[in-house]
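Fold and geometry: a report
Read off the chains here:
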Amino acid sequence: MKNEIRELRTARGLSQQELAEEMDVSRQTINSIETDRYTPSLPLALSLARFFGRSVEEVFHDDDRR
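Quick look at the structure, then. (Residues numbered from 1 in each chain as written. Predicted model: local features only at pLDDT ≥ 70, side-chain atom pairs only at ≥ 80, totals over all residues. Heavy atoms only, no water.)

**A look at the pattern of salt bridges**
One pass over the structure, following the stated rule, counts 3 salt bridges. With a closest N to O distance of 2.5 Å, Arg9 and Glu34 form a salt bridge. Pair noted here: Arg9 is in helix α1 (residues 5–11) and Glu34 is in helix α3 (residues 27–34), with a separation of 25 residues, a long-range link. We note that Arg9, like Glu34, is buried. Put simply, Arg6, Arg9 and Glu34 are held in one network by salt bridges that share partners. (Salt bridge = Lys/Arg side-chain N within 4 Å of Asp/Glu carboxyl O. Helix = DSSP H or I, 4+ residues; strand = E, 2+ residues; numbered from the N terminus. Buried < 20%, exposed > 50% of the residue type's maximum accessible area, 1.4 Å probe, protein only.)

Pasting the structure below:
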């Protein structure tokens, strides 16, 4: 599953650690999501989308479409 987390995070000027603290997860979790090695749970995906003011569908994609 592809996602826009890195782009959204850097647009806000946040480090992985800062986003991790906002989401109450580890920096490694954010890194794994950004590099497509980990698909977040539904609650985490919803929290990330809400944090960035986007829908889940805008943040996470089932293929390379954006």
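**A closer look at the packing of aromatic side chains**
Evaluation of the coordinates by the stated rule reveals 1 aromatic pair. The interplanar angle of 85 degrees and the centroid separation of 5.0 Å between the aromatic rings of Phe51 and Phe52 together place this pair among those described as edge-to-face. Overall, the relative accessible area of 7% leaves Phe52 in the buried class. A cation sits over an aromatic face here: Arg12 above Phe51, 4.9 Å from the ring centre. (Phe/Tyr/Trp six-rings, centres within 6.5 Å; stacked < 30°, edge-to-face > 60°. Lys NZ or Arg CZ within 6 Å of the ring centre and 35° of its normal.)

**Side note on the environment of Asn31**
Structurally, Asn31 is set in helix α3. In this structure the C-alpha to C-alpha distance between Asn31 and Glu57, which are 26 residues apart in sequence, comes to 20 Å. What Asn31 contacts, discounting residues up to four positions off in sequence, is Gln16 and Arg37. (Contact = heavy atoms within 4.5 Å.)

**A word on the nonpolar core**
Judged by nonpolar contacts, the single largest core of 14 residues is most densely connected at Ile5, Leu19, Ile33, Leu48, Phe52, Val59 and Phe60. Within the residue set of this core, elements represented by two or more residues are α1, α2 (16–23), α3 and α4 (42–51). When residues in this core are grouped by element, the largest group, 4 residues, is from α4. Excluding anything up to four places from it in sequence, Ile5 contacts Leu19, Ile33, Glu34, Leu48, Phe52, Val59 and Phe60. (Core = buried A, V, L, I, M, F, W, Y, C linked by side-chain atoms within 4.5 Å.)

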